[in-house]
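Examining the three-dimensional arrangement
Here are the chains, one letter per residue:
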Amino acid sequence: MTTEPAPVPAPVPVPSPSADGTDPAVRPPAPRAYRHWIDGAWHQPALGHYPITDPATEALLGHAPEGSAAEIDTAVRAARAAQEAWADTDPRERARVLERTAEVLTAHGPALLPLLQAETGATVKVAREMQLPTAADRFRRYARGALEPDVLPLAPQPVGASALAPGGLIGAAAVRRPVGVVGCITSYNFPVVNLAGKVAPALAMGNAVVCKPAPQDPLSCLELGPLLREAGLPDGLFNVVTGSGPGPGEALVAHPDVDMISFTGSTSVGKQIAGNAGRDMKRTLMELGGKGAALVLDDAVGRARDAALGSVASTWTFHSGQICTAPTRVLVHDSLHDEFVTALARYASALTPGDPTNERTVLGPVISAAQRDRIEAYIAGARAQGATVLVGGERPAEPGTGFYVAPTLLTGVTPEMTVAREELFGPVVVVLPFADDDEAVRIANSTPYGLYDYVFSGDTGRAWWLAGRLRSGNVGINTVQRHPETPFGGCKESGVGRDGGSFGLHAYSELQSVVWPS
């Protein structure tokens, strides 16, 4: 174990892309062995390391520390020791640290970008524009959040005398208090953004955090430790323990000194976490899977039709479909079905998987060989059930290395088919026709999921009314764009709880009622 944090690399300029479009700045650093980040210092892992590879080149990027229950315990104890003093810290100081974190992350972003891009396999455009800047924005947002009022005064009420207490005019307030120690378990698609979305509001509310990133790409999350320390965060409030298997996460959920688990990931894992956390009555925030339905109504022409086409195509072009909110199910009215499918097929056929460090590439790899094989198995299963693979469906011949899935469009799909009900998490779109609004709603609501649906119509009033019939935590009307202040979360098996904006502060706090005689 060492007590000195590793040095943070200085910011570097971003060179212009070369003639072939490849960005020379997005080249990962030489592989090195990382350590856990616990109590403001690097800790040598007792169980050794496991390899992290680039999904595009299959090259070794580094070695992540293999975590154990003992290291989770060390991290939780550090968090518990630091949390009370942090909760008592002036909110203006918490805000200053979070604002400074955004500045430090922005300054060191160019140095961190190559590693983040390489371990996620994201295109350089997504990594540069939507990974690090969004993470910095979340710290900046919750710097403001730390200063939001946390007391809700309640009107005094006259209460009659009873055997319990004398009567009188009784005053009260509802006060948001910190939860305590929060365990954050995050997904692989946007590792730093997802972590920032949990850590920033948790710290703003006066909590401490112990983080367990996804096993596929945890290195950038480990790099956040020194950055938060540089920003002035006291030791012990931010800890990262990684691991290739479920052991560290299970230990985090089971630890008696962890008060809350915030999880982003698959529904199957989320159910296990919720069940285990429930045995100790831990608070949970669960952002789970999705099977987004895009309803293209019969009046979706002109701008509404173009918005629908571009939105559905984002399943292929935005992080290779590895997005829980992607509109992967396209429900198209019978009158528009053939024309819309033709347009989608033309779009998908024009896309070519390529090197994600090339500025012109919009379709990179998926995260791992296991995920690629899983997606391919779903496509094969759809064929066996009678669906038509209109575009894609075969493993791309180029590039020669990496875990690529061709953009795939399936038609002839029915609501009962597996590919129409389960989350694939890849660049695959399925199309289902419908005859009227009632049938569209029935199909949209027929899966176990309810995270994010979309309605495309020339009549936004009609779309608003239809949104009220969808069992979904979020509905986009004529767009897949987000609003950063909305409550985000799912219905049914897509999760429990909401975060985002001020709702994120609510998620990481407990309400306490304080009552007094006036």
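Description of the structure in this document.

Scoring rules and cut-offs
Residues numbered from 1 in each chain as written. Predicted model: local features only at pLDDT ≥ 70, side-chain atom pairs only at ≥ 80, totals over all residues. Heavy atoms only, no water. Buried < 20%, exposed > 50% of the residue type's maximum accessible area, 1.4 Å probe, protein only. Helix = DSSP H or I, 4+ residues; strand = E, 2+ residues; numbered from the N terminus. Pairing = 2+ DSSP bridges. Disulfide = S-S within 2.5 Å. Contact = heavy atoms within 4.5 Å. Core = buried A, V, L, I, M, F, W, Y, C linked by side-chain atoms within 4.5 Å. Right-handed = clockwise from strand over helix to strand, strands pointing away. Axes fitted to C-alpha atoms, helices over the stretch in contact; angles between N-to-C directions. Expected span 1.5 Å × (residues − 1). Parallel < 35°, antiparallel > 145°, perpendicular 65-115°, else oblique. Left-handed = near helix turned anticlockwise from the far one by under 90°. Nonpolar A, V, L, I, M, F, W, Y, C, P; charged D, E, K, R; others polar.

Looking at the pairing of strand β15 (residues 408-411)
Residue alternation in β15 divides its side chains into two sets, Thr 408 and Leu 410 and Leu 409 and Thr 411, and both sets are buried. Relative to β15, strand β14 (residues 388-391) runs antiparallel, the two sharing three bridges. Residue pairing across strands places Val 389 opposite Leu 410, the latter belonging to β15. As judged from the three bridges shared by β15 and strand β16 (residues 428-434), these two strands associate in the parallel manner. Within β16, the position partnered with Thr 408 by the bridge is Val 428.

Quick notes on the state of the cysteines
The full count for this structure, using the stated rule, is zero disulfides. In this structure Cys 184 is not part of a disulfide, and its nearest cysteine sulfur, from Cys 211, lies 4.6 Å away. Cysteine Cys 221 is unpaired, with the sulfur of Cys 211 as its nearest cysteine sulfur at 7.8 Å. Judged by its relative accessible area of 0%, Cys 221 falls in the buried class.

Describing the side chain of Asp 54
Examined against the element boundaries, Asp 54 turns out to sit in the loop between β3 (49-53) and β4 (60-65). When sequence neighbours within four positions are dropped, the list of residues in contact with Asp 54 reads Ala 59, Leu 61, Ala 118 and Phe 403.

A few points about the nonpolar core
Core analysis: the largest hydrophobic core is formed by 84 residues, its most contacted members being Leu 105, Phe 139 and Phe 238. Setting aside its immediate chain neighbours within four residues, Phe 238 contacts Trp 37, Leu 195, Val 199, Val 209, Cys 211, Cys 221, Leu 224, Gly 225, Leu 228 and Leu 233. Ranked by size, the runner-up nonpolar core spans 33 residues in total, among them Ala 300, Val 312, Val 330 and Leu 351.

Quick word on the environment of Ala 70
Examined against the element boundaries, Ala 70 turns out to sit in helix α1 (residues 69-87). According to the relative accessible area criterion, Ala 70 is exposed, its value standing at 51%. A sequence separation of 121 residues divides Ala 70 from Pro 191, and the C-alpha atoms of the two residues are 24 Å apart.

Some remarks on the pairing of strand β17 (residues 452-456)
Judged by how many residues are buried, β17 sits mostly within the fold: five of five residues are covered. By the alternation rule, side chains of β17 split into Tyr 452, Tyr 454 and Phe 456 and Asp 453 and Val 455, which are all buried. Of the strand pairs in this sheet, β17 and strand β18 (residues 474-477) are connected by four bridges, and their pairing is parallel. Each residue of the ladder has a partner; that of Asp 453, found in β18, is Val 475. Since β17 and β18 lie parallel, the crossover through helix α13 (residues 460-467) that links them has a hand, and here it is right-handed.

Some remarks on the sheet that holds strand β5 (residues 151-159)
Sheets are built from strands paired through backbone hydrogen bonds, the pairs being either parallel or antiparallel. Pairing is antiparallel across the open sheet formed by three strands, whose spatial order is β5-β6-β20. Unpaired on one side and paired on the other, β5 and β20 (509-517) mark the two borders of the sheet. The sheet shows a mean angle of 20° between the axes of neighbouring strands, taken without regard to direction. In terms of strand pairing, β5 meets strand β6 (residues 168-178) through seven bridges, oriented antiparallel. Following the sheet pairing, Pro 158 is matched in β6 by Leu 169.

Some words on helix α9 (residues 334-349)
With 16 residues, α9 should reach 22 Å at 1.5 Å per residue; the first-to-last C-alpha distance of 23 Å fits that figure. All buried positions along α9 are accounted for by Leu 336, His 337, Phe 340, Val 341, Ala 343, Leu 344, Ala 345 and Ala 348.

Examining the packing of helix α2 (residues 91-120) against helix α5 (residues 219-230)
Geometrically, a packed helix pair is captured by the angle between its two axes and the distance between the axes. Remark: α2 packs on α5, axes separated minimally by 10 Å, with the N-to-C direction vectors making an angle of 160°. Overall, the two elements α2 and α5 adopt an arrangement that is roughly antiparallel. Of the two possible hands of crossing, α2 and α5 adopt the one that is right-handed. Contacts between α2 and α5 involve Arg 100, Thr 101, Val 104, Leu 105, His 108, Leu 112, Leu 115, Leu 116 and Glu 119 on the former and, on the latter, Leu 219, Ser 220, Glu 223, Leu 224, Leu 227, Leu 228 and Glu 230. Here the contact of α2 with α5 is built from residues that sort into nine nonpolar, three polar and four charged.

Observations concerning the sheet that holds β15
With mixed pairing, the seven strands of this open sheet are ordered in space as β14-β15-β16-β13-β12-β17-β18. Unpaired on one side and paired on the other, β14 and β18 mark the two borders of the sheet. Averaged over all neighbouring strand pairs, the angle between strand axes comes to 25°, with direction disregarded. Two elements, strand β13 (residues 329-333) and β16, share five bridges in a ladder whose sense is parallel. Each bridged residue has a counterpart across the sheet, and for Leu 331 the counterpart in β16 is Leu 432.

Some details on the packing of α1 against helix α6 (residues 247-254)
Two numbers describe how α1 lies on α6: the axes approach to 9 Å, and their chain directions differ by 45°. Looking at the two axes, α1 sits oblique to α6. Crossing geometry of α1 relative to α6 is assigned as right-handed. Where α1 abuts α6, its residues Ala 69, Ile 72 and Val 76 lie against Pro 248, Ala 251 and Leu 252. Residue composition of the contact of α1 with α6, grouped by class: six nonpolar, no polar and no charged.

Distances and angles like these do not, on their own, reveal function.
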